[in-house]
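# Secondary and tertiary structure notes
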Amino acid sequence: VLAGQPGFDYAEDLLEAFRLFSDAGKEAQLGAADPKGPHKRGEFPAFNRGATMGIGSRTPVAINTGYMTGILNRLVGEKAVRRMAAYQNAAFSLWAPRMHAEYKTVHDTLRNQLPHLPVNFPGVSEFCATAFNLGGNVWTFKHHDFRNWPFGWCAITALGEFDPSRSAQLVLWELKPVINFPPGATVLIPSAVITHSNTPVAEGDSRMSFTQYSAGPIFRWVKNGCRTEKEMQKDDPKGWAEMEAGKDSFYIQCLENFSTIDELLASIR
């Protein structure tokens, strides 16, 4: 979904968010490139905050924010950043209400079961994690975010001062469009299954981005009764067997969380 941006003073808030991101990079003494070198998504400095769950983990865990902890903690409390997160969440709820409800259930369960984990935007967003892409030269390599929930969306907002007809155009490889992605605009994509990238940032332009997402293993952990599959197999053999038997058709249930255009139109008539 090309979710665009609302009217009113939203554009001013996103200019403020761009300034905050720029100041954060200067405070951390970041350049245009990641100090650790190129990573899967690109060469820019990228920092994540929130909750995640990796292969082999028994429970979701807090993302390690390292030396950026203070800066990221401050950024998630800024009005301009919170408004950006709120708009991403609202666009998600508008275009995929069933899917959004599932994200809310997972997010609420996580907060209730593991209250020590960080929540980026309480009362504002149902995503479990956020990525701050800094440095002013943010464009991504061709990739897909395979650890995100494959039956959901991530929300991406572009920030900066750049010409979207020549800088950081969004490419969705399987679908084949090349999309002008202007400052302040938001897009919702199934980042785990659609290969995506940006064209490079043109000389003289400056671009950063803000992304919200939720890791796939967290959904599986919640669906298994807040435990891993191994723990479920041990604690509830019958439930585990039913879950295993339903895996071949589980994706159909998940795809039904996507709304059709007719459904969305009917809801506003």
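Structure: see above.
The notes below deal with the structure included here. (Residues numbered from 1 in each chain as written. Predicted model: local features only at pLDDT ≥ 70, side-chain atom pairs only at ≥ 80, totals over all residues. Heavy atoms only, no water.)

This next bit is on the overall build of the chain. Check the secondary structure of the chain and you find 9 helices and 10 strands. Here the C-alpha radius of gyration of the chain, 19 Å, is about what a compact globule of 269 residues would show, namely 18 Å. Here the C-alpha coordinates of the chain stretch approximately 60 × 45 × 30 Å along the principal axes. By residue count, 49% of the 269 residues in the chain fall in the buried class. At a minimum sequence separation of 6, the contacts of the chain that also span at least 24 residues come to 79%. Here the chain displays about 13,300 Å² of accessible surface, and carbon together with sulfur accounts for 56% of that area. Charge separation in the chain, taken as the distance between the mean sites of 27 positive and 28 negative side-chain charges, equals 4 Å. (Helix = DSSP H or I, 4+ residues; strand = E, 2+ residues; numbered from the N terminus. Rg over C-alpha atoms; globule rule 2.2 N^0.38 Å. Buried < 20%, exposed > 50% of the residue type's maximum accessible area, 1.4 Å probe, protein only. Contact = heavy atoms within 4.5 Å. Areas by Shrake-Rupley, 256 points an atom, 1.4 Å probe, with all protein chains shown as cover. Lys, Arg positive; Asp, Glu negative; His and termini not counted. Charge placed at Lys NZ, Arg CZ, Asp CG, Glu CD.)

The tally for this structure, following the rule as stated, stands at 16 aromatic pairs. Judged by centre distance (5.8 Å) and plane angle (50°), the ring pair of F92 and W153 falls under tilted. You can see F92 sitting in helix α3 (residues 79-95) and its partner W153 sitting in the loop between β4 (129-133) and β5 (154-161), a full 61 residues away along the chain. Overall, F92 belongs to the buried group, its relative accessible area being 1%. Plain terms: the ring middles of W139 and F141 are 5.9 Å apart, the flat faces sit at 75° to each other, and that makes the pair edge-to-face. (Phe/Tyr/Trp six-rings, centres within 6.5 Å; stacked < 30°, edge-to-face > 60°.)

This part covers the pattern of salt bridges. Taken as a whole, this structure holds 16 salt bridges when the rule is applied. Across the pair R74 and E27 runs a salt bridge whose closest N-O atoms are separated by 2.5 Å. Remark: E27 occurs in helix α1 (residues 10-27) and R74 occurs in helix α2 (residues 69-75); sequence separation between them is 47 residues. With relative accessibility at 47%, the residue E27 sits in the partly exposed group. (Salt bridge = Lys/Arg side-chain N within 4 Å of Asp/Glu carboxyl O.)

Below, the discussion takes up the side chain of S209. Here S209 lies in strand β10 (residues 206-213). Dropping the residues within four chain positions of it, S209 is found in contact with F21, A131, F132, N133, V138, T157 and L159.

Bringing α3 into the picture now. Taking 1.5 Å of rise per residue, 17 residues should cover 24 Å, and α3 covers 24 Å from first to last C-alpha, within 8% of that figure. What α3 keeps buried is the set A80, V81, M84, A85, Y87, Q88, N89, A91 and F92. (Expected span 1.5 Å × (residues − 1).)

Another point: the nonpolar core. Side chains of a nonpolar character, in soluble globular proteins, are inclined to be buried together. Core analysis: the biggest nonpolar cluster contains 54 residues, and F21, L75, M84, L110, F132, L134 and F210 have the highest contact counts within it. Once you skip the residues sitting within four places of it in the chain, L134 turns out to touch F21, L30, F44, P45, F47, M68 and M208. With 16 residues, the next largest nonpolar core counts A131, I156, F181 and I194 among its residues. (Core = buried A, V, L, I, M, F, W, Y, C linked by side-chain atoms within 4.5 Å.)

A word on the side chain of R207. Summarising the element assignment, R207 is placed in strand β10. One buried charged residue, R207, remains without a salt bridge, the closest side chain of opposite sign being D205 at 9.2 Å. Residues contacting R207, with those up to four places away along its chain left out, are G136, N137, V138, A158, L159, G160, F162, A168, F181, N198 and V201.

As a rule of thumb, non-glycine residues mostly have phi less than zero, and peptide bonds are mostly trans rather than cis. Even without being a glycine, Q29 presents a positive backbone phi close to 60°. By the element assignment, Q29 lies in the loop between α1 and β2 (46-52). Phi is positive for A168, which is not a glycine, with a value near 50°. Mapped onto the elements of the fold, A168 is located in the loop between β5 and β6 (170-172).

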